[in-house]
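# Coordinate inspection notes
Letter by letter, the chains look like this.
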Amino acid sequence: GNSVTQMEGPVTLSEEAFLTINCTYTATGYPSLFWYVQYPGEGLQLLLKATKADDKGSNKGFEATYRKETTSFHLEKGSVQVSDSAVYFCALSYTGYSTLTFGKGTMLLVSP
Amino acid sequence: DGGITQSPKYLFRKEGQNVTLSCEQNLNHDAMYWYRQDPGQGLRLIYYSQIVNDFQKGDIAEGYSVSREKKESFPLTVTSAQKNPTAFYLCASSIGLDTDTQYFGPGTRLTVL
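Criteria and cut-off values
- Residues numbered from 1 in each chain as written.
- Chains lettered and ligands numbered in written order.
- Predicted model: local features only at pLDDT ≥ 70, side-chain atom pairs only at ≥ 80, totals over all residues.
- Heavy atoms only, no water.
- Helix = DSSP H or I, 4+ residues; strand = E, 2+ residues; numbered from the N terminus.
- Rg over C-alpha atoms; globule rule 2.2 N^0.38 Å.
- Buried < 20%, exposed > 50% of the residue type's maximum accessible area, 1.4 Å probe, protein only.
- Contact = heavy atoms within 4.5 Å.
- Lys, Arg positive; Asp, Glu negative; His and termini not counted.
- Charge placed at Lys NZ, Arg CZ, Asp CG, Glu CD.
- Buried area = accessible area lost by both parts, 1.4 Å probe.
- Salt bridge = Lys/Arg side-chain N within 4 Å of Asp/Glu carboxyl O.
- Nonpolar A, V, L, I, M, F, W, Y, C, P; charged D, E, K, R; others polar.
- Patch = residues over 30% accessible without salt bridge, like charges linked within 9 Å, V, L, I, M, F, W, Y side chains within 5 Å.
- Areas by Shrake-Rupley, 256 points an atom, 1.4 Å probe, with all protein chains shown as cover.
- Pairing = 2+ DSSP bridges.
- Axes fitted to C-alpha atoms, helices over the stretch in contact; angles between N-to-C directions.

## A short note on the overall build of chain A
- Summing up its helical and strand segments, chain A has zero helices and 12 strands in all.
- Each helix and strand of chain A, ordered N terminal to C terminal, gives the series β-β-β-β-β-β-β-β-β-β-β-β.
- The C-alpha radius of gyration computed for chain A amounts to 13 Å, which stays within 12% of the reference 13 Å derived for 112 residues, consistent with globular compactness.
- Each principal axis of the C-alpha atoms in chain A carries an extent, and together these give about 40 × 30 × 20 Å.
- For chain A, the proportion of its 112 residues judged to be buried stands at 46%.
- The long-range fraction of contacts in chain A, counting pairs at least 24 apart against all pairs at least 6 apart in sequence, stands at 56%.
- Across chain A, the mean location of the 8 positive side-chain charges is 8 Å away from that of the 10 negative side-chain charges.

## Description of unusual backbone geometry
- Look at the link from A:G9 to A:P10: it is a cis peptide, with omega at 0 degrees.
- Put simply, B:S7 and B:P8 share a cis peptide bond, and its omega is -10 degrees.
- Secondary-structure assignment places B:P8 in the loop between β1 (4–7) and β2 (10–13).
- Look at A:K60: it is not a glycine, yet its phi comes out positive at around 55 degrees.
- Within the fold, A:K60 resides in the loop between β7 (56–59) and β8 (62–65).
- Given the relative accessible area of 54%, A:K60 is considered exposed.
- For A:T71, which is not glycine, the phi dihedral falls at a positive 40 degrees.

## What to know about the interface of chain B and chain A
- Counting residues at the interface gives 24 residues for chain B and 22 residues for chain A.
- Of the roughly 1700 Å² buried between chain B and chain A, counting both surfaces, carbon and sulfur atoms make up 52%.
- At the boundary of chain B and chain A, one finds zero salt bridges.
- Elements that contribute at least two residues to the side of chain B that touches chain A include exactly β4 (31–38), β5 (42–51) and β9 (87–94) of chain B.
- The element best represented in the side of chain B that touches chain A is β5(B), accounting for five residues.
- Tallied by class, residues from the side of chain B that touches chain A come to 10 nonpolar, 11 polar and three charged.

## Focus: a nonpolar patch on the surface
- Residues B:Y10, B:F12 and B:L113 make up a contiguous nonpolar surface patch of about 380 Å² in total accessible area.
- Here B:L113 shows up in the segment after β11 (108–112).

## Brief notes about the pattern of salt bridges
Residue and element names in this part refer to chain B.
- Throughout the structure, instances matching the rule amount to six salt bridges over all chains.
- D30 serves as the salt-bridge partner of K71, at 3.3 Å between the closest nitrogen and oxygen. Here K71 is found in the loop between β7 (64–66) and β8 (76–78), whereas its partner D30 is found in the loop between β3 (19–25) and β4, with 41 residues between them in sequence.
- Of the residues examined, K71 reaches a relative accessible area of 24% and is grouped as partly exposed.

## Considering the environment of B:V66
Residues and elements named next belong to chain B.
- Tracing the backbone shows V66 in strand β7.
- When the C-alpha positions of V66 and F88 are compared, they lie 17 Å apart, and in sequence the two are 22 residues distant.
- Sequence-distant contacts of V66, defined by excluding residues within four places in its chain, comprise W34, Y47, F55, F74, P75 and L76.

## Quick look at the pairing of β9(B)
All names here are of chain B.
- Most of β9 is tucked away, with eight of its eight residues classed as buried.
- Neither face of β9 is exposed, since A87, Y89, C91 and S93 on one face and F88, L90, A92 and S94 on the opposite face are all buried.
- Sheet topology places β4 next to β9; seven bridges connect them, and they run antiparallel. Looking at the pairing, M32 lines up with S93 of β9.

## With respect to the sheet that holds β1(B)
All names here are of chain B.
- Overall, antiparallel pairing links the four strands, which are arranged β1-β3-β8-β7 in an open sheet. Edge positions in the sheet fall to β1 and β7, since each has one partner strand and no second. Strand-to-strand twist in this sheet, taken as the mean axis angle between neighbours without regard to direction, amounts to 20 degrees.
- Looking at chain direction, β3 and β8 are connected through three bridges and run antiparallel. In the sheet register, V19 faces β8, and the bridge partner there is V78.

Following this line, the structure appears as structure tokens:
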């Protein structure tokens, strides 16, 4: 079956540090890949997505590139802010069968 | 504003009672979903519905029931058969079967005492 593996958290960074959250997946064919963000006590918000190999999704300074050869979709940001503190979820789905498979989430804590 | 609403935000129930969680969307989306979130577990799919009057079990449907009588509404009932119902419940929707992006509501935190 399909699965998504994320790095364990929490990831603790100082403001303006570089962020990488690793995500790898196991799936057949060509799924779409997503990063969702969850702020404390809230639902999930779509952060970015990529639908085919070598696509780069980007939003709010975050980026992730769909790497078919390494089955990865790592999330990066050049300079994090305190307001980026949240839980980040990597997920995959297939067009035509739109249920999502989520990773367990990675908590990011950014200190001033 | 278009979006997904879930009510209430916090819900407390006694053990053995059924409870229904509300989910409404005004995005004109055909597909709707219910997920359960537990600490450190990510999200797990309970039920989903692609069209009105049709729904499918997800990975952890036991102890839950749903209905889809209207396009806008997809209520989830947590029954007394659910052994460990205390969790954060998230509703989502997407345009339809042929799209892959889901949009989430703010969630309902259910605590069973």
